[in-house]
There are 2 protein chains.
Amino acid sequence: MGHVIARSPAELLEHAREGSRAALARLITYVEGSGAQHLETAALVYAQSAPYVIGLTGAPGAGKSTLTDQLITIALAHGSFDGDNPFVRVAVLCVDPSSPFSGGALLGDRFRMQDHATDERVYIRSMATRGHLGGLSLAVPDAVRVLSAVGFELVIIETVGVGQMEVDVASTADTTVVVLNPGWGDAVQAEKAGILEVADVFVINKADRPGTPETRRDLERMMDMGPMTTWRPPIVETVASDGRGVGDLWRALSDHHRFLAGGEREQRRRRRAAHELDRVLSAMLSEKVRTGEGANRYEEQLDALTAGTTDPYRAARALLFEA
Amino acid sequence: MGHVIARSPAELLEHAREGSRAALARLITYVEGSGAQHLETAALVYAQSAPYVIGLTGAPGAGKSTLTDQLITIALAHGSFDGDNPFVRVAVLCVDPSSPFSGGALLGDRFRMQDHATDERVYIRSMATRGHLGGLSLAVPDAVRVLSAVGFELVIIETVGVGQMEVDVASTADTTVVVLNPGWGDAVQAEKAGILEVADVFVINKADRPGTPETRRDLERMMDMGPMTTWRPPIVETVASDGRGVGDLWRALSDHHRFLAGGEREQRRRRRAAHELDRVLSAMLSEKVRTGEGANRYEEQLDALTAGTTDPYRAARALLFEA
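Residues numbered from 1 in each chain as written. Chains lettered and ligands numbered in written order. Predicted model: local features only at pLDDT ≥ 70, side-chain atom pairs only at ≥ 80, totals over all residues.

## Quick word on the overall build of chain A
Next up, step 1: When helices and strands are tallied, chain A shows 12 helices and seven strands.
Next up, step 2: In chain A, which comprises 323 residues, the proportion classed as buried is 48%.
Next up, step 3: Partitioning the intrachain contacts of chain A with sequence separation of at least 6 by distance along the chain shows that 70% fall at a separation of at least 24. (Helix = DSSP H or I, 4+ residues; strand = E, 2+ residues; numbered from the N terminus. Buried ≥ 20, exposed ≤ 12 C-beta atoms within 10 Å, placed from the backbone. Contact = placed C-beta atoms within 7 Å.)

So this is what it looks like as structure tokens:
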């Protein structure tokens, strides 16, 4: 703890492995940012045995934080899903891209840190974008690898909503949990495309409220209408505020963990690597064409587009292939 | 009408300008697809005086189709916003990326076509992706330019929801209308980041139902908490089924049109051109690195990533700069 004197990612990693939270925090700040320290950290932590990553997504107020707290408690008590590691360290990354006017994640953290702050097996962190190439959705997998390098076996990523950002973050997770509340009706309808795409497990939290059977029925119908898959997401009812159903959620997570272990996990990780590589590629390209000597040519093409003397495909080809 | 014998985009454009709906439909099918005909069409229609584009987005069932029908009727009666063109032709593009299990847009169209099918000033079309480079969100601006080249002065784009896809489509619009219903509560909360980003005008449709004042208050509060802007989106209450409030919506659209005419429109169009160019660039790059001679190198890097012997940034640099 205390002051961080070492500045190089390698030194920080050493300190973090010895238990320094300040060093760990600095490393994650590095991967949130851009430039040499980010790239050095990313290279340092890449070759890690990957931790198990659970994604939790849902609307603000759906109960994600309370569920996460309950899951932390169970994980610390149970150990790893496959039972070969009774001592598990758990990290939570809170990602809220709407933060300009919410600020909720941070307040929530402070409140929750009180529960687990003294427990060295738990680390909770809000993530923000600080100029990372490609933004927060690329900083998150980097942060997961930092946590893995420091010895966290289980990482829970909390995101808000099901926009593209959240879908990208979900693609970092092995198991994605979509948290709803009873009586969502229209909202479920509105977001069903995104939800179906990412959900491995559905949770209806606050299931002591009216509308729970209807929400379950809507979800079942939605899955019936969707494409056939080898894994049909189970629907778990919870009341996170008093812990009801959280054991069922843990069992659903274990079931999905076992399902993935049957070969699916490696395929997913390859797809995930491809998805991440594609996003890094396009972020890097976009940086390349807009900075340094590329900047003038980019502005020229943009002028021509605005004036209507070229079309976007000709302009893009000129920038890509006529270097 | 009748059979389309001409196949080249230039011939089709000529026929479409003379009033052939079949030729127009073929051109839009070209821009939905990939390959030479798409690129030829895009190059042909790029340098058009841009039509005025209104984006309408909201959950399924919010009433977008009914509102659009009402807006068509008003537009045909009023002429252009600035009054210099009493005869306006209106096109509607319906975009529903969740179509695998909705199919709603198509049914809706058939129903609506009956209203306007005999009116040569109106053209309604559902869009699908047929392999267009970069998907539907890049096909839409191409289709808008086709419609402009054929003489449509007003284009209304209907999209479902506020995910990244819809934000991309909204960036094609001059004025984006977000349609909500009373009593959205949680849903507004869930989507507020996306909504604030795209909305120029809010509509609370079905405003004869309970919860309208609360929804208005939520929206006002949301805007109060958001960043200061030179245009504060007005909130219009409508009952589209009987036409109530649709005149107010038209006036809100006119106000925004006038606001944009004060210089903002050109800035927006430049931002839009940049946004489109960036998406074309990254789609083209992704195609380049994955096809032809690039395919093997891409697979090699992906293998190395999966094996943990490289990191995404090194892999991307190898693919981009070591050709």
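## Focus: the sheet that holds strand 7 (residues 235-238) of chain B
All names here are of chain B.
Next up, step 1: Spatially, 3-2-4-1-5-6-7 is the arrangement adopted by the seven strands of the open sheet, whose pairing is parallel. Only two strands of the sheet have a single neighbouring strand rather than two, namely strand 3 (122-127) and strand 7. In this sheet, adjacent strand axes meet at a mean angle of 20 degrees when their direction is disregarded.
Next up, step 2: Sheet topology note: the strand 2 (residues 90-95)/strand 4 (residues 154-160) ladder contains six bridges and is parallel. Opposite V92, over in strand 4, you have I156 as the bridge partner.
Next up, step 3: Sheet strands in contact with helix 9 (residues 212-225) are strand 5 (175-180), strand 6 (201-205) and strand 7, and its direction is about 160 degrees off that of strand 6. (Pairing = 2+ DSSP bridges. Axes fitted to C-alpha atoms, helices over the stretch in contact; angles between N-to-C directions.)

## What to know about helix 2 (residues 21-32) of chain A
Residue and element names in this part refer to chain A.
Next up, step 1: Taking 1.5 Å per residue, 12 residues should reach 16 Å; helix 2 reaches 16 Å between its end C-alpha atoms and fits that length.
Next up, step 2: Along helix 2, the residues that are buried comprise A23, L24, L27, I28, Y30, V31 and E32.
Next up, step 3: Buried residues in helix 2 make contact with helix 1 (9-17), helix 3 (36-45), strand 3 (122-127) and helix 6 (136-150). (Expected span 1.5 Å × (residues − 1).)

## Focus on unusual backbone geometry
Next up, step 1: A positive phi angle, near 60 degrees, is found at K206 of chain A, a position not held by glycine.
Next up, step 2: Inspection of the secondary structure assignment puts K206 of chain A in the loop between strand 6 (201-205) and helix 9 (212-225).

## Some remarks on helix 4 (residues 64-78) of chain A
Residue and element names in this part refer to chain A.
Next up, step 1: The terminal C-alpha atoms of helix 4, which comprises 15 residues, lie 20 Å apart, in line with the 21 Å expected from a rise of 1.5 Å per residue.
Next up, step 2: Buried within helix 4 are the following residues: K64, S65, T66, L67, T68, Q70, L71, I72 and A75.
Next up, step 3: G79 occupies a position one or two residues after helix 4 and carries a positive phi of about 80 degrees.

## Digging into the sheet that holds strand 1 (residues 52-58) of chain A
Residues and elements named next belong to chain A.
Next up, step 1: Pairing is parallel across the open sheet formed by seven strands, whose spatial order is 3-2-4-1-5-6-7. What marks the edges here is a single partner per strand, and that holds for strand 3 and strand 7 (235-238). Neighbouring strand axes in the sheet, compared pairwise and without regard to direction, differ in orientation by 20 degrees on average.
Next up, step 2: Looking at chain direction, strand 6 and strand 7 are connected through four bridges and run parallel. Each bridged residue has a counterpart across the sheet, and for I204 the counterpart in strand 7 is E237.
Next up, step 3: The strands touched by helix 9 within the sheet are strand 5 (175-180), strand 6 and strand 7, with strand 6 carrying the most contacts at an inclination of about 160 degrees.

## Examining the packing of helix 1 of chain A against helix 3 of chain A
Residues and elements named next belong to chain A.
Next up, step 1: Running from N to C, helix 1 and helix 3 point in directions that differ by 55 degrees, and their axes come no closer than 9 Å. Here helix 1 is positioned oblique relative to helix 3, judged by the angle of their axes. Here helix 1 runs over helix 3; the crossing is right-handed. The segment helix 1 lies against helix 3, with P9, A10 and L13 engaging Q37, E40, T41 and L44. (Parallel < 35°, antiparallel > 145°, perpendicular 65-115°, else oblique. Left-handed = near helix turned anticlockwise from the far one by under 90°.)

## Quick notes on the packing of helix 10 (residues 246-290) of chain A against helix 11 (residues 294-307) of chain B
Next up, step 1: Their axes nearest at 9 Å, the elements helix 10 of chain A and helix 11 of chain B cross at an angle of 120 degrees. In terms of axis orientation, helix 10 of chain A runs oblique to helix 11 of chain B. Seen from above, helix 10 of chain A lies across helix 11 of chain B with right-handed handedness. Where helix 10 of chain A abuts helix 11 of chain B, its residues R269, R270, A273, A274 and L277 of chain A lie against Q301, L302, L305 and T306 of chain B.
Next up, step 2: The residue inventory of the contact of helix 10 of chain A with helix 11 of chain B, partitioned by class, reads five nonpolar, two polar and two charged. (Nonpolar A, V, L, I, M, F, W, Y, C, P; charged D, E, K, R; others polar.)

## Some points on the confidence of the model for chain A
Residues and elements named next belong to chain A.
Next up, step 1: With 81% of its residues at a pLDDT of 70 or more, chain A has an overall mean of 80.
Next up, step 2: Note on residues 99-111: pLDDT under 50 across the span, and 17 contacts to partners over four residues away in sequence or across chains.
Next up, step 3: Of the regions scoring below 50 in pLDDT, residues 186-190 engages in 16 contacts with residues more than four places distant in sequence or in other chains.
Next up, step 4: Interface confidence in the predicted complex, given as ipTM, is 0.71; pTM for the same model is 0.65. (pLDDT = per-residue confidence, 0-100.)

## As for the environment of P51 of chain B
All names here are of chain B.
Next up, step 1: Among the secondary structure elements, P51 is positioned in the loop between helix 3 (36-45) and strand 1 (52-58).
Next up, step 2: Along the backbone, P51 and A173 are 122 residues apart, and their C-alpha atoms lie at a distance of 9.9 Å.
Next up, step 3: P51 has contacts with V144, L147, S148, F152, E153, L154 and V155, leaving out every residue within four places of it along the chain.

## As for the pairing of strand 4 (residues 154-160) of chain A
Next up, step 1: Of all seven residues in strand 4 of chain A, seven are buried; the element is thus mostly enclosed.
Next up, step 2: Here strand 4 of chain A shows a buried face lined by L154, I156, E158 and V160 of chain A and a second buried face lined by V155, I157 and T159 of chain A.

## Describing the environment of Y298 of chain B
Next up, step 1: As for its position among the elements, Y298 of chain B is in helix 11.
Next up, step 2: Sequence-wise, Y298 of chain B and A318 of chain B are 20 residues apart; in three dimensions their C-alpha atoms are separated by 9.5 Å.

## Quick word on the environment of A47 of chain A
Next up, step 1: Within the secondary structure, A47 of chain A sits in the loop between helix 3 and strand 1.
Next up, step 2: Residue classification places A47 of chain A among the partly exposed positions, given that 13 C-beta atoms sit within 10 Å.
Next up, step 3: It is 8.6 Å that separates the C-alpha atoms of A47 of chain A and A149 of chain A, two residues lying 102 residues apart in sequence.
Next up, step 4: If we ignore the near neighbours within four places in the chain, the residues touching A47 of chain A are G308 and T309 of chain B.

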